[in-house]
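Descriptive analysis of the structure
Chain by chain, the residues:
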Amino acid sequence: MENNPALHVLDQFSIEKKTHRLKAVQQGFINDTFLVFEGEEPLYILQRINTTVFGNVDGIMNNVHLALGYLKDEDYQAISLIKSNSGDPYFKTEDSCWRLMTFIDDSIAYDNTTNAEIAFEAGRIIGKFHLLLQDVAIDKFVDTIPDFHSLSLRAKQFEEAFQQADPKRKEKASKAIQFVEDSLAMLKQWDTEDLPERICHNDTKLNNILFARSTNKALCLIDLDTLMKGYFHYDFGDAIRTVANTAPEDEQDHQKITFEKHLFQAFVEGLAANGPFLTEKEKEVLPYGAILMPFLHGIRALTDYLNGNLYYRVAYEDQNLDRSLSLFDFTQKAMNEATSMKEIIQNSGL
Ligand code: GN1
Ligand code: MG
């Protein structure tokens, strides 16, 4: 616990005045997150939004607010935003932007899992999220980070970073750079025409799902900052890279990085528990999504390493490089499983 200056920000929100304490949450590469305690119980989540990454805070809050209106159901725990004293969904100072949300009691998030029930539940809740949002008016959502998961944009940014990078960094990153060069042409070949646009979460890693502590039932998705239009295979692949891989995304011992087929299968079965809701074409590109998403995160981490760590918060100098190598290792392992992924999907009833 700490006596953080962020405590004063709480005065700007319409909550009962109590003696609150803050605890910083160390996860996340972009925003600053705090749990707000009263006594021993966390009551709220307070976040400072990184306005360098998220330039269009109004757009984000528009999207979050719109989506939260749909994201509630018997099987989906609603989250509420708390209004500021002036009635806005967030509080802005000259150089930062804050929002306050309710904390879900007795909930827990996992960075990784070896438990097939958790993998199943992750699939079920992501499917539910998409079902609840399937009829929203896509045009009302703002494209807050245009082309966020576009392979050609990320390849272009990588190329630019490579051109101006410090030679020592290039040398150190040569293995990762080689992987990009070897994989890009193949990844660009996939046919992704005729896919329907959906409102996606766009950051469906496992630790963005809340589970009930006692039952391990998935409750809801959190971290809705990147909620905007996208394609279903983005959310699928982003989940698979953390559900089917039991190692963290900056794992340096690549022997620990594995593609766990039984966890993949449990996740797909969880998705299918929502009944069929994907088009044939969407199902066809799911294995591609599981290969594309770790690659995209890998190339973004590598680009940031070559740029001198400007985008992601890093714990040590080479963390972005380690992340890219680990993500590329998983990409390769997912590529090796393309056929078995296809079979599992075909037999799943999805
Ligand atoms: C960033 O900060 P966090 O963990 O919510 C990133 C995601 C990545 C993630 C980890 C806006 O999200 O795309 O999945 O790091 N978010 C943004 O790799 O860039
Ligand atoms: Mg996020």
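Residues numbered from 1 in each chain as written. Chains lettered and ligands numbered in written order. Predicted model: local features only at pLDDT ≥ 70, side-chain atom pairs only at ≥ 80, totals over all residues. Heavy atoms only, no water.

The name an unreviewed UniProt entry assigns to the protein is Phosphotransferase, from the organism Poritiphilus flavus.

1. A few points about the site of ligand 1
Where we set the bar: Note on terminology: near, applied to a residue and a molecule or strand, indicates that one of the residue's heavy atoms is within 4 Å of it. Definition of a polar contact: a pair of N or O atoms within 3.5 Å, with one able to donate and the other able to accept a hydrogen when the atoms are protein atoms, and with sequence-neighbouring residues admitted only if both atoms are side-chain atoms. Under the convention used here, a 1.4 Å probe and the Shrake-Rupley method define accessible areas, while residue burial counts only the protein chains that appear. Side-chain classes are defined by residue name, with Ala, Val, Leu, Ile, Met, Phe, Trp, Tyr, Cys and Pro counting as nonpolar, Asp, Glu, Lys and Arg as charged, and the others, Gly among them, as polar. For the domain bounds, the source is a domain assignment made automatically or taken from a database.
Around ligand 1 lies a shell of 16 residues, among which F29, K205, R300, Y311 and R323 are the nearest. The separation between an oxygen atom of ligand 1 and a polar side-chain atom of Y311 is 2.5 Å. When ligand 1 is considered free in solution it has 440 Å² of accessible area, and contact with the protein chains removes 96% of it. Taken together, the residues of the shell around ligand 1 break down into six nonpolar, three polar and seven charged. Each of domain 1 (7-105) and domain 2 (116-346) accounts for three or more of the residues forming the shell around ligand 1.

2. A word on the UniProt feature "domain: Aminoglycoside phosphotransferase" (unreviewed entry) in the protein
Under the convention used in this document: UniProt positions are given in the numbering used here, feature names are shortened, and annotations may be inferred rather than shown by experiment. By the criteria applied, helices consist of DSSP H or I runs no shorter than four residues and strands consist of E runs no shorter than two, each listed in order from the N terminus.
Sites flagged by UniProt as "domain: Aminoglycoside phosphotransferase" (unreviewed entry) map to residues 22-252. Helix makes up 33% of residues 22-252 and strand 20%, with an end-to-end C-alpha separation of 32 Å.

3. Examining the coordination of the magnesium ion (ligand 2)
Angles at a metal have ideal values that depend on geometry: 109.5 degrees with four tetrahedral donors, 90 or 180 degrees with six octahedral donors. Going by this rule: Coordination here is defined by N, O and S atoms within 2.8 Å of the metal (3.2 Å for Na, K and Ca), and since water is not considered, a site can look incomplete. Here's how the labels work: a residue is buried when its accessible area is under 20% of the maximum for its type, exposed when over 50%, partly exposed in between, all with a 1.4 Å probe on protein chains only.
Around the magnesium ion (ligand 2), the protein contributes the donor atoms D203 (OD) and D223 (OD), which lie 2.0 to 2.1 Å from the metal centre. Of this pair, D203 sits in the loop between β8 (198-200) and β9 (209-212) while D223 is found in the loop between β10 (218-221) and β11 (228-230), placing the two residues 20 residues apart along the sequence. Among the residues examined, D203 registers a relative accessible area of 15% and is labelled buried.

4. Topic: the environment of S348
Stated formally: Residue contacts are counted whenever heavy atoms from the two residues lie within 4.5 Å of one another.
Looking at the secondary structure, you find S348 in the segment after α11 (338-346). Separated by 200 residues in sequence, S348 and F148 place their C-alpha atoms 30 Å apart. Ignoring any residue separated from it by four or fewer positions in sequence, one finds S348 in contact with V268 and A272. For S348, the side chain forms a polar contact with the main-chain oxygen of I345, separated by 2.7 Å. At 3.1 Å, the side chain of S348 forms a polar contact with the backbone nitrogen of L350.

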